[in-house]
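Below, each chain spelled out in residue letters.
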Amino acid sequence: MTIKTQMTIGALLGLWLVGAAVQSPVVLGQASDETVKQVYKAVGGPTQPKVPVYWNRYHDHSEMTQMLQDLAAAYPQLFKVHSVGKSTEGREMWVATITNFEVGDAARKPGFWIDGGIHANEIQATEVALYTAWFLAEMHGENKFVQQLLRDRVFYILPDMSPDSREKHFYEPNSTNSPRTGQRPVDDDMDGLVNEDPANDLNGDGHITQMRIRDPNGQFKAHPKYPNLMVRVEPGETGEFTLLGMEGYDVDGDGRVNEDGDGSYDPNRDWPWKWEPSYVQRGAFRYPFSLIENRNMADFVKTLPNLAGAQTYHNTGGMLLRGPGSKQDAYEASDLRVYDQIGKVGERLLPQYRYMNVANDLYEVWGGEIDWFHQMLGVFTFTNELFLQYNYFHESGGGRGGEQSYEFDKFLLFGDGMVDWEEVDHPVYGKVEVGGAKKNWGRQPPGFMLQEECHRNMAFTLYHADQMPLVRIKEVTTKALDNGLTEITAIVENTKLTPTHSAMDRKQQITRPNLVSLQAEGVQVVLGQYGSDFLFRNATIQDRDPAQMQVPVIDGQSLVYVRWIVSGSGQGQVVLDTIKGGQAAAAVQVGAAP
């Protein structure tokens, strides 16, 4: 990398980049008001958090609830928590609203949405959202960037979109891939029964692993270095085992195994933009927002016109995804330029993560959340697919099912990621063996990697949030003209990368234009116009109500020039009012001061 390239990237990152936090782990809820001796600070994290949390482990719904409530109690000027509704099984869906409530109107600040855990088995997604909420509160008193961020922006964080199935994953037998769905009962196999044939935990260890049966003519054998790994034999070679799939048996006697477990629908195929039924889009449920958890979230989001950015967390694969989800759809070119600039910074912050388009670089998704946010709400949105196998040895290759993960388990997890093969009785096959990866290994980082994964992904999200539009009035000047007229020129600026309105927002007319108003008693506006340069070439003249100019967009890192010709004299102000970029005002004197 050249010095020039390094300087370019460094300029993009700016003040907001912070190092990984390292701290002594403390049990949640053990905060004390007692004086604590001075500690040697590890940069990038809170020195002595009021709400100490272990970030090398995962948190269930009750622990998450307690954490959010403790943060709200510890930082009432920054942190509020409320429920947007209950899940299918009656669990509260908590949203944390985080900003400096003592400065400005929180509802008028540019807003950033974060959610995680829409696929419940993707459990680190919830942890990244929780970590972000905790970090913003705990670092506000220690870090100027966080102070500035919470002064100018408001965050809305819903850590867990599928609280019922997260609990199932934690406390009931599952694999690393289940349950992806929610807990609304569904008759998957159309036999009149619901959830009657799930996977079965044959050895009672809480993990749904693989089954194998000894077979002298089998096509598989144990790997010579990693005996938990089954590999296919070479042509002409005699194997030892036949693989039988996931642990389980035919509970309902229909000839199929594990075919009717939890749900089966995909909560991330439930959103209204480009929604398609299940025969087109596998996983779609009955109609858009037919799932109560998504409806709860959407009803709240629709009360937030100030949202300008959003982040939804998933796993796995190390991807920074943008829409569109369908190849028949398209994002506007000017919007893509914003995504590209933010995404490229993300690749720097998250080594080996790839900035990608869902439809063309991954697979098609009809009715996905990020398209709903961008195409229907005008909000720039990313999905991060958390964790990738590069992190094992900082080298590519190997994959989740390949030798690399088994080598990592052997030398860095000391075998803690695997269930050793164990013989059990099967009601159909007799003696079989079960074993393989535990449910908490494969898609999820081990404890010692979790905090770094949380911190780096949070840093990308905070960069995106910092690049939401932020407007100011750079200058207001007056100039006396003939016949008692005065020329007033206001230069309004968006100091950040993201425009005040996405191209899709303008196309769909989702939010009203920016308003630049001249408010001065005794002054009558004769003419109003705005343009992109001080010469007012190709300016737009507004005939109706020129005192309140409607400016469709203030592009990222750009200026708009607004000019009025007025008669009369008086004192007043120029007011800049945007939905997604904040507000500003500047005094103006027309004519001689009284």
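The present account deals with the structure reproduced in this document. The residue count restarts for each chain, going from 1 along the sequence in the order it is written. With the structure being a predicted model, the display of local features is reserved for residues of pLDDT at least 70 and the display and counting of side-chain atom pairs for 80 or more, all residues being used for whole-chain, interface and lining totals. Hydrogen atoms and water are omitted, and side-chain values are computed over all heavy atoms in the structure.

## Thoughts on unusual backbone geometry
Next, step 1: Thr316 follows Asn315 through a cis peptide bond whose omega is 15°.
Next, step 2: Under the scheme used here, helices are H or I runs from DSSP no shorter than 4 residues and strands are E runs no shorter than 2 residues, and both carry numbers assigned from the N terminus. On the secondary structure map, Thr316 appears in the loop between strand S9 (307-315) and strand S10 (319-322).
Next, step 3: Backbone geometry at Phe387 places phi at a positive 80°, although glycine is not the residue there.
Next, step 4: Residue position: Phe387 is located in the loop between strand S12 (380-386) and helix H10 (390-393).
Next, step 5: Under the scheme applied here, a residue whose accessible area is under 20% of the maximum for its type counts as buried, over 50% as exposed, and between as partly exposed, the area being computed with a 1.4 Å probe on protein chains only. For Phe387, a relative accessible area of 1% corresponds to the buried category.

## Brief notes about the sheet that holds strand S22 (residues 570-577)
Strand pairing in a sheet takes place through backbone hydrogen bonds and is either antiparallel or parallel in direction.
Next, step 1: By definition, two strands form a pair when at least two bridges between them are found by DSSP. Within the open sheet, the 4 strands sit side by side as S20-S17-S22-S23. Their pairing is antiparallel. Across the chains shown, the open sheet's two edge strands, defined by having one partner strand only, are strand S20 (548-551) and strand S23 (583-590). Between one strand axis and the next, the sheet turns through 15° on average, direction left out of account.
Next, step 2: Note: strand S17 (residues 514-520) against S22, 6 bridges, orientation antiparallel. Bridge pairing in S22 links Ala520 to Gly572. Lines are fitted to the C-alpha atoms to define the axes, a helix being fitted only along its stretch in contact, and any angle between axes, read from their N-to-C directions, falls within 0 to 180 degrees.

## Section: the environment of Glu138
Next, step 1: When you line up the elements, Glu138 lands in helix H3 (residues 124-139).
Next, step 2: The class for Glu138 is buried, based on a relative accessible area of 5%.
Next, step 3: Expressed as a C-alpha distance, the spacing of Glu138 and Gln509, which sit 371 residues apart in the sequence, is 39 Å.
Next, step 4: Within the structure, Glu138 has its side chain in polar contact with the backbone nitrogen of Val51 (distance 2.8 Å). Polar contacts here mean pairs of N or O atoms no more than 3.5 Å apart (in protein, one a potential hydrogen donor and the other a potential acceptor; neighbouring residues in sequence count only if both atoms are side-chain atoms).

## Topic: the packing of aromatic side chains
Next, step 1: The aromatic pairing rule takes the rings of Phe, Tyr and Trp, using the six-membered ring of Trp, and pairs them if the centres are within 6.5 Å, calling planes under 30 degrees apart stacked, those over 60 edge-to-face and the rest tilted. Summed over the entire model, instances satisfying the criterion amount to 25 aromatic pairs.
Next, step 2: Taken together, a centroid distance of 6.2 Å and an interplanar angle of 50° make the contact between Trp113 and Phe300 tilted. In this pair, Trp113 is assigned in strand S3 (residues 111-116) and Phe300 in helix H6 (residues 292-301), connecting sequence segments 187 residues apart.
Next, step 3: Pairing Tyr355 with Phe382 gives two aromatic rings, centres 6.3 Å apart and planes at 55°, and the pair type is tilted. Of the two residues, Tyr355 is situated in strand S11 (residues 354-357) and Phe382 in strand S12; the sequence distance between them amounts to 27 residues. When sorted by exposure, Tyr355 lands in the same class as Phe382, which is buried.
Next, step 4: Taken together through their ring pairs, the aromatic side chains of Tyr331, Tyr339, Tyr355, Phe380, Phe382 and Phe460 make up a single cluster.
Next, step 5: Across the ring face of Phe101, the terminal group of Lys80 is positioned such that the distance to the ring centre comes to 4.5 Å. Here, over-ring charges are defined by two tests on the NZ atom of lysine or the CZ atom of arginine: distance to the ring centre within 6 Å, and angle to the ring normal within 35 degrees.

## Quick notes on empty space enclosed by the protein
Next, step 1: Residues are said to line a cavity or pocket when one of their atoms sits within 4 Å of a point; the points come from a 1 Å grid over protein atoms alone, cavities being sets where a 1.4 Å probe fits but cannot get out and pockets being open sets with protein on both sides within 12 Å along at least five of seven lines. Grid points are joined across faces, edges and corners, and a volume is the space filled by probe spheres set on the points. Under the counting rule described, the total for this entry stands at 1 cavity of 30 Å³ or more.
Next, step 2: Taken as a whole, the largest cavity encloses approximately 50 Å³ of empty space.
Next, step 3: Surrounding the largest cavity, Met161, Ser162, Gly182, Tyr265, Pro267, Leu291, Glu293 and Asn294 form its lining.
Next, step 4: Put simply, Ala, Val, Leu, Ile, Met, Phe, Trp, Tyr, Cys and Pro go in the nonpolar bin, Asp, Glu, Lys and Arg in the charged bin, and everything else, Gly too, in the polar bin. Its residues placed into classes, the lining of the largest cavity shows 4 nonpolar, 3 polar and 1 charged.

## Brief notes about the side chain of Asn121
Next, step 1: Tracing the chain through its elements places Asn121 in the loop between S3 and H3.
Next, step 2: We call two residues contacting when some pair of their heavy atoms lies within 4.5 Å. If we skip the residues at most four places from it in the chain, Asn121 touches His169, Thr176, Asn177, Ser178, Pro179, Arg180, Asn315, Arg443 and Gln444.

## Considering the nonpolar core
Next, step 1: Counting residues in each nonpolar core, the largest one holds 62 residues, and the members touching the most others are Leu71, Phe79, Ile98, Leu136 and Phe155.
Next, step 2: At 11 residues, H3 tops the list of elements feeding residues into this core.
Next, step 3: Among residues more than four places away in sequence, those in contact with Leu136 are Ile98, Val146, Leu149, Leu150, Phe155 and Leu462.
Next, step 4: We call a set of buried Ala, Val, Leu, Ile, Met, Phe, Trp, Tyr and Cys residues a nonpolar core when their side-chain atoms join them within 4.5 Å. Judged by nonpolar contacts, the second largest core, of 23 residues, contains Ile473, Val562, Trp564 and Val590.

## Here's the deal with the side chain of Thr383
Next, step 1: Position of Thr383 among the secondary structure elements: in strand S12.
Next, step 2: Given a relative accessible area of 6%, Thr383 falls into the buried group.
Next, step 3: Once residues lying within four places of it in the same chain are set aside, the contact partners of Thr383 are Gln311, Thr312, His314, Met319, Leu320, Leu321 and Ile370.

## Considerations on helix H11 (residues 403-411)
Next, step 1: Of all the positions in H11, only Gln404, Ser405, Tyr406, Phe408 and Asp409 are classed as buried.
Next, step 2: Among the structural elements, H10, strand S13 (418-426) and helix H12 (447-466) are those in contact with the buried residues of H11.

## Some points on the packing of H3 against helix H4 (residues 144-152)
Next, step 1: For the pair H3 and H4, the least separation of the axes is 9 Å and the interaxial angle reads 105°. What the angle tells us is that H3 and H4 run roughly perpendicular. Residues Phe135, Leu136 and Met139 of H3 touch H4, and the partners they reach there are Val146, Leu149 and Leu150.
Next, step 2: Considering only residue class, the contact of H3 with H4 consists of 6 nonpolar, no polar and no charged. Roughly parallel covers angles under 35 degrees, roughly antiparallel covers those over 145, roughly perpendicular covers 65 to 115, and oblique covers all other angles.

## Structural notes on H4
Next, step 1: Within H4 the residues assigned to the buried category are Phe145, Val146, Gln148, Leu149, Leu150 and Asp152.
Next, step 2: Against strand S2 (92-98), H3, strand S4 (154-158) and H12 lie the buried residues of H4.
Next, step 3: Looking at where H4 begins, the residue whose side-chain oxygen comes 3.0 Å from the main-chain nitrogen of Phe145 is Asn143.

## Some details on the sheet that holds strand S16 (residues 485-494)
Next, step 1: As summarised here, the arrangement of the 5 strands in space is S15-S16-S21-S18-S19, forming an open sheet in which the pairing is antiparallel. Each having just a single partner strand, strand S15 (471-480) and strand S19 (540-541) make up the two edges of the open sheet.
Next, step 2: Note that S16 and strand S21 (residues 558-568) share 10 bridges and pair antiparallel. Bridge pairing in S21 places Thr489 opposite Arg563.

## A few points about a nonpolar patch on the surface
Next, step 1: Like-charged residues within 9 Å of one another, or nonpolar side chains (Val, Leu, Ile, Met, Phe, Trp, Tyr) within 5 Å, are grouped into patches, provided each residue has over 30% relative accessible area and no salt bridge. Surface accessibility follows the Shrake-Rupley procedure with a 1.4 Å probe radius. Residue values consider only the protein chains on display as shielding. Salt bridges are defined by distance alone: a side-chain nitrogen of Lys or Arg within 4 Å of a carboxyl oxygen of Asp or Glu. On the surface, Phe411, Leu412 and Phe448 cluster together into a nonpolar patch covering about 300 Å² of accessible area.
Next, step 2: Here Phe411 shows up in helix H11.
Next, step 3: Taking relative accessible area as the criterion, Phe411 reaches 48% and is therefore assigned partly exposed.

## Considerations on the packing of H4 against H12
Next, step 1: Where H4 contacts H12, the two axes come as close as 11 Å, and the packing angle between them is 50°. Considering their axes alone, H4 and H12 lie oblique with respect to each other. For the pair H4 and H12, the crossing hand works out as left-handed. Facing H4, whose interface residues are Phe145, Gln148 and Leu149, H12 presents Leu462, Ala465 and Asp466. Crossing handedness follows the turn of the near helix against the far one: under a right angle anticlockwise gives a left-handed crossing, and clockwise gives a right-handed one.

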